[in-house]
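Examining the three-dimensional arrangement
Here are the chains, one letter per residue:
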Amino acid sequence: MKIYSITEKNYKDKKVFLRVDFNVPIKNGIITDDTRIVATIPTINYLLSQGARLIIASHLGRPEGKPSPEFSLKPVAARLFEILKKEVKFVPDCIGDEVKKMVDALKDGEILLLENLRFHPEEEKGDEYFAKELASLCDAYVNDAFGTCHRKHASVYTITKFVNDIAGGFLIEKEVSALSKLLTNPERPFLLILGGAKVIDKINMVKNLLDKVDTIITGGVMAYTFIKAKNWEIGDSKIEEEAVPVAREIIKEINKRHLEFHTPLDHVIVQRVSEDATPIVTERGTVPHGWIGVDIGPQAIEEYTDCINRAKTIFWNGPMGIYEIEKFAKGTIEIAKAIANSNAFSVIGGGDSAAAVQKADVADKISHICTGGGASLEFLEKGNLPGIDVLRKE
Ligand code: ADP
Ligand code: MG
């Protein structure tokens, strides 16, 4: 897929509207994880170096269409200043006269951060009038907000109807290139690692990847849903009941294609999920009555590590257990380390999976970590996203 690149444009003296995903976690006014800000720095620096007058816009949290101080982007302006060591002006709205005035006062290489786009309900509705207002601020539009590209929001999708000069930033290019590599001629064997809790949300992605992958290994709620679909005992382990029939269908498809498919050979189980529980390991791939599966066991880790070592391409989505609790994190951490130590082209999708990779301290050994969980899953399901499609060259 070819999208318009910022490297083929001229931004000198131009007011550039840069849509980013600065949806970072903030506690008591302090940003606890700035990964998403850091991810857009190459694009910001490039545009500044080209003499752009930069208008940066983002959403933050779910303010439900009205101004709310807890969702203000003001702390982000301060963080951006620390990273860039350059003044970042801030305006407490994203449309209107005050915004226009500040935009008009911008000089080459200066930055203005707009307030949260979602303080206006029109943003999420993809409203044309609101998109036109945003478009009226700029001469050129750049999107680097990969995490929101699956949404037809005004600043991601509708705005492109009203600006002629449009392009995707470096982060979008990187995300699209990594995910496209999984969909188009991935080097084999291609291993899909499925875990986490949101089974229904991920089923369509799994279905689309069945034609591409050679091996599938499972953990977490995902694994228990498949084990249940095989009519094996899962005790009180968490599953998504409504996903069981779909899991059955998927097992049929897997068998039809003669793919290698694994549920864990053993499990770490507890009678109650808590920090002070005393976990034991099962001898088999089932969970006895009255017990809850919270992590994959040592035999499963060994078998999965072998699958990882054989793979040339890996996509991992979803932790292998309740990794937030130290006692139940081993399976997830070992899988992260095995992926890091393998020579495969590796892509991680999903917020918790990315957090687990950080926890295992191996992020720098992964080929690509997606910055948008929902967006990456939808890209793998459909091979495209609304916010990416509008940046495509005809
Ligand atoms: P991602 O954000 O990577 O897409 P999900 O959000 O689908 O992943 O799932 C992550 C969540 O799954 C974590 O909060 C983790 O505690 C939970 N989880 C994993 N295994 C289990 C399990 N066996 N039982 C209950 N919850 C689990
Ligand atoms: Mg998650």
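Think of each chain on its own: its residues are numbered from 1, step by step along the sequence as written. By the order in which they are written, chains take letters starting at A while ligands take numbers starting at 1. Reporting of local features is limited, given that this is a predicted model, to residues whose pLDDT is at least 70; pairs of side-chain atoms are given and counted only at 80 or more, and all residues count toward the totals for whole chains, interfaces and linings. Hydrogens and water molecules were not included; the side-chain quantities draw on all heavy atoms of the structure.

A simple rule labels every residue: compare its accessible area, found with a 1.4 Å probe on the protein chains alone, to the largest value its type can have, and call it buried under 20%, exposed over 50%, or partly exposed in between. Runs of E in the DSSP output that reach at least two residues are strands. Runs of H or I that reach at least four are helices, and both are numbered from the N terminus. Every second residue of strand β7 (residues 140-143) is oriented toward a common face, with Ala140 and Val142 on one face and Tyr141 and Asn143 on the other, all of them buried. We treat two strands as partners when DSSP finds at least two bridges between them. When strand β1 (residues 15-19) meets β7, the two strands line up parallel, connected through 4 bridges. Counted as the bridge partner of Phe17 is Tyr141 from β7. Relative to strand β8 (residues 165-168), β7 is paired through 4 bridges, and the arrangement is parallel. Paired with Asn143 across the two strands is Gly168, which belongs to β8.

This part takes up the nonpolar core. What tends to happen in soluble globular proteins is that the nonpolar side chains get buried as a cluster. Core analysis: the largest hydrophobic core is formed by 74 residues, its most contacted members being Phe17, Leu114 and Phe315. Where each domain begins and ends is defined by an automated method or by a domain database. Shared between two domains, this core holds at least three residues of each, these being domain 1 (6-172) and domain 2 (185-381). Excluding anything up to four places from it in sequence, Phe315 contacts Leu182, Phe190, Leu191, Leu192, Ile193, Met205, Leu209, Val347, Ile348, Gly349, Leu377 and Leu380. Ranked by size, the runner-up nonpolar core spans 30 residues in total, among them Ile6, Ile41, Leu73 and Leu84. Nine residue types can take part in a nonpolar core, namely buried Ala, Val, Leu, Ile, Met, Phe, Trp, Tyr and Cys, and a core is a set of them joined through side-chain atoms within 4.5 Å. Only heavy atoms enter the contact rule, under which two residues are in contact if any of them lie within 4.5 Å.

Right, let's get into the pairing of strand β15 (residues 313-317). Among the 5 residues that make up β15, 5 are buried, leaving the element largely enclosed by the rest of the structure. Neither face of β15 is exposed, since Thr313, Phe315 and Asn317 on one face and Ile314 and Trp316 on the opposite face are all buried. In this structure, strand β9 (residues 190-194) lies alongside β15, joined through 5 bridges in parallel fashion. Its bridge partner lying in β15, Ile193 is registered against Trp316. For β15 and strand β16 (residues 345-349), the ladder comprises 5 bridges, and the chain directions are parallel. Across the sheet, the residue bridging to Phe315 is Val347, located in β16.

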